[in-house]
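# Analysis of the macromolecular model
Spelled out from the first residue to the last, the chains are:
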Amino acid sequence: MSALNSFSVPHTPPAPGFWDEVQAVTVVGGGPVGLATALGLSRRGIPTVLVEAWDTVSVGSRAICTSRHSLEILDRLGVGGRVQERSLVWDRGKSFYRDQQVLEFVMPNDEKFVRPPMVNISQADIEQYLYEALFAEPDATVLTSCEVTDVHERPADAPANGSDRVVDLVLATPDGERTLTTSWVAAADGARSAVRRSLGLRLDGTSYEGRYVIADIKWVNDWPTERFVWFDPESNRGSTIIMHEQPDDIWRIDYQLRDEDDAEHEQRPEVIRDRITQHLDWLGETDAQWEMVWSSLYSARALALDEFRHGNVLFVGDAAHLVPIFGVRGMNSGLEDAATAAWQLAAVASGAADAALLDAYAAERRYAWEQNISNATLSTLFMTPGTFGYKASREAVLPLIGLRPALRHLVDPRQSSATHARGSRINWATPGTGAGLHPGDPVADTHLPELGSTLYEATGPGFTVLGTPGTAELARRTADAFAGQFPAEGATALALSAADRQLLGIEGEHVVVVRPEGLVAAVLGPEETTDPAGIAAGVAAGHTGSEPVGERRTRTPDPEAETVETVWRGISEGLDAADGDEARLAFLSKAVLLLAINHPDPAAIREALDLAAQQR
């Protein structure tokens, strides 16, 4: 496989009569999210059509960081082993202010976990593996070089595939205009979604002013596989540079453009080469031999649809939401969308569940976007400050980080991790139970020594019911109920030892039901009297009737970090609101006095003022 993957996607001629039939599910978009959705559906026996405008995989590295949870999702699709074998594993990163290190973070990498916290691999490689797996599925049809030009939903001539309505997709194909009629659509056609545009929908939220040039270069060196960030380096003063290694000696370099830089000029190959050469020279790599492979321009955006379901169209990935690049949440959150959408769409299309289940998908994944944005926004404001106030406060923070460790919270990239679905309408919990894990929490694949297996090896890709020797009968009945309600998924019951349950975070004698994508669906008490079949039926109906359990939060609370963030944001926004230099100075003076009054320790105040004076 070359450094620049140019895998061509073969066109599969549809079967005779294809255009005259109503298809079960059509996925629009052949990026990693659309491919994962289509593969998840077809592996469940749902006839699935994939429509893609291009006939190759992505050009350039694009999304390069794949999280532990994404590896689990890809593994359940049959390609996780290939992805991990091809990838470079990493679990840490360093940040520098000029040439002084101000942060080193290490992601959770306990030996109990089956997979590493993060790997680097080109998005194009993942797409190739998913395409190859999809072509092996007898229920899949792949249409390349086909572009969606219009979308219409209407009543069906006869109910089919769990719906009394259909969607007409008007396609521009190599053979002319065609209309593909389908019961359900999963729109995964990216940030410029043609499906979204045809339905008159728009993403709302925040677009940030910072711009980054992103480039792939081939460079053989002995640097470690870590994430490197430089704030205000001599090679690119007033800016930020990020470096990541990929397979085949490809390095991804992202550098921020200054406000005065002309984007068109900065994207010229010779200008990019000059910028990268300056940075490598500054790092002491004056004799570095490297070549440009690919480049592009990026701006951070935090946007989403208000609703991820519109009739018989379900939006997934960038077609539904955009997140800033910082913390690598784009593809990883999209793969989470795909994992949830696939089993729920399959259940609806097969008649095992009501279409209301898809409303649960829409609510859960919209909330997952809010979790991602809560973390990514802070990183974005620090990595690419777009106003005077945030720029000034960042310049104040950076020299102080080495002296006041609490400020490192602002530099922490908060790398992508699995989101939760607490408060979902399809969760269930016995009143008063507390099992450690809450309904909606993610469950990672874990080595279970006393079972002699990993969780995924022991259960397969469907529902998993985790009990104890004392609750084995309840666990078995619950597994039977979910397998009966969701035959395409199936369910496995495991009676685990106390030690193995502790590794999974389960407390007490509770029975825990885990959904196909790895989220807790239900927590049942040992004396549970509710018929498990009723709980499974509630999930299939789109609402179990259980009261929400667990705190519905977008971030784990940290009082010290919240204080730092509150003060930093307040100073930044106060500076932006002030009119002119005198007003800014007055605001800062008042802020210092008021904060000092609330922290009446003269020695500490004197020390802080002296430290601030030294950093001028």
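A few points on the structure. (Residues numbered from 1 in each chain as written. Predicted model: local features only at pLDDT ≥ 70, side-chain atom pairs only at ≥ 80, totals over all residues. Heavy atoms only, no water.)

Moving on: the overall build of the protein chain. Regarding its fold elements, the protein chain presents 17 helices and 26 strands. Taking 25 Å as the expected radius of gyration for a compact globule of 616 residues, we find that the protein chain reaches 26 Å, a close match to that expectation. For the protein chain, the spread of C-alpha atoms along the three principal axes comes to 75 × 65 × 45 Å. For the protein chain, buried positions account for 54% of its 616 residues. Contacts spanning at least 24 positions in sequence make up 74% of the contacts within the protein chain whose residues lie at least 6 apart. (Helix = DSSP H or I, 4+ residues; strand = E, 2+ residues; numbered from the N terminus. Rg over C-alpha atoms; globule rule 2.2 N^0.38 Å. Buried < 20%, exposed > 50% of the residue type's maximum accessible area, 1.4 Å probe, protein only. Contact = heavy atoms within 4.5 Å.)

Our focus in this paragraph is the sheet that holds strand E24 (residues 491-495). Spatial strand order, E20-E26-E25-E23-E24: 5 strands in an open sheet with mixed pairing. The open sheet has two edge strands with one neighbour each: strand E20 (428-429) and E24. Inspection of the sheet shows strand E25 (residues 511-514) paired to strand E26 (residues 520-524) by 4 bridges, in the antiparallel sense. What sits directly across from Val 513, in E26, is Ala 522. (Pairing = 2+ DSSP bridges.)

Applying the stated criterion across every chain yields a total of 17 aromatic pairs. Arranged with centres 5.9 Å apart and planes meeting at 15°, the rings of Phe 228 and Trp 230 form a pair that is stacked. Neither Phe 228 nor Trp 230 differs from the other in exposure class; each is buried. Summarising the aromatic geometry, the rings of Phe 463 and Phe 482 are spaced 5.0 Å apart at their centres and angled 40° between planes, so their arrangement reads as tilted. Note that Phe 463 is positioned in strand E23 (residues 463-467) and Phe 482 in helix H12 (residues 472-485), a separation of 19 residues in sequence. In textbook terms, an aromatic cluster arises when at least three aromatic residues are bridged by ring pairs, as seen for Phe 96, Trp 219, Trp 223, Phe 228, Trp 230 and Trp 251. Directly above the ring of Tyr 456 sits Arg 76, whose terminal nitrogen or CZ lies 3.7 Å from the centroid. (Phe/Tyr/Trp six-rings, centres within 6.5 Å; stacked < 30°, edge-to-face > 60°. Lys NZ or Arg CZ within 6 Å of the ring centre and 35° of its normal.)

Between its terminal C-alpha atoms helix H8 (residues 330-349) stretches 27 Å, which fits the 28 Å expected from 20 residues at 1.5 Å a residue. Most of H8 sits inside the fold, with 19 of its 20 residues counted as buried. The first or second residue beyond H8 is Gly 351, which carries a positive phi of 90°. (Expected span 1.5 Å × (residues − 1).)

Let's shift gears to the packing of helix H10 (residues 388-397) against helix H15 (residues 559-577). It is at 7 Å that the axes of H10 and H15 come closest, and there the two elements cross at 135°. Here H15 runs oblique to H10, going by the angle between their axes. Crossing of H10 against H15: the hand is right-handed. Of H15, the residues touching H10 (which contributes Phe 388, Gly 389, Tyr 390, Ala 392, Ser 393, Arg 394 and Val 397) are Trp 568, Arg 569, Ser 572, Glu 573, Leu 575 and Asp 576. Its residues placed into classes, the contact of H10 with H15 shows 6 nonpolar, 3 polar and 4 charged. (Axes fitted to C-alpha atoms, helices over the stretch in contact; angles between N-to-C directions. Parallel < 35°, antiparallel > 145°, perpendicular 65-115°, else oblique. Left-handed = near helix turned anticlockwise from the far one by under 90°. Nonpolar A, V, L, I, M, F, W, Y, C, P; charged D, E, K, R; others polar.)

Counted according to the given criterion, the structure contains 38 salt bridges. With a closest N to O distance of 3.8 Å, Arg 258 and Glu 260 form a salt bridge. Classification of Glu 260 by relative accessible area gives exposed; the value is 60%. With its nearest N and O atoms 2.5 Å apart, the salt bridge here joins Glu 473 to Arg 476. In this pair, Glu 473 and Arg 476 are both assigned in helix H12, 3 residues apart and thus about one turn of the helix distant. For Arg 476, a relative accessible area of 39% translates into the label partly exposed. Through salt bridges with shared partners, one network takes in Asp 91, Arg 92, Lys 94, Glu 104 and Glu 226. (Salt bridge = Lys/Arg side-chain N within 4 Å of Asp/Glu carboxyl O.)

Before going further, it helps to examine the side chain of Ser 393. Mapped onto the fold, Ser 393 is located in helix H10. The class of Ser 393 is buried, set by a relative accessible area of 5%. With residues up to four places along the chain from it excluded, the contact list for Ser 393 reads Trp 568 and Ser 572.

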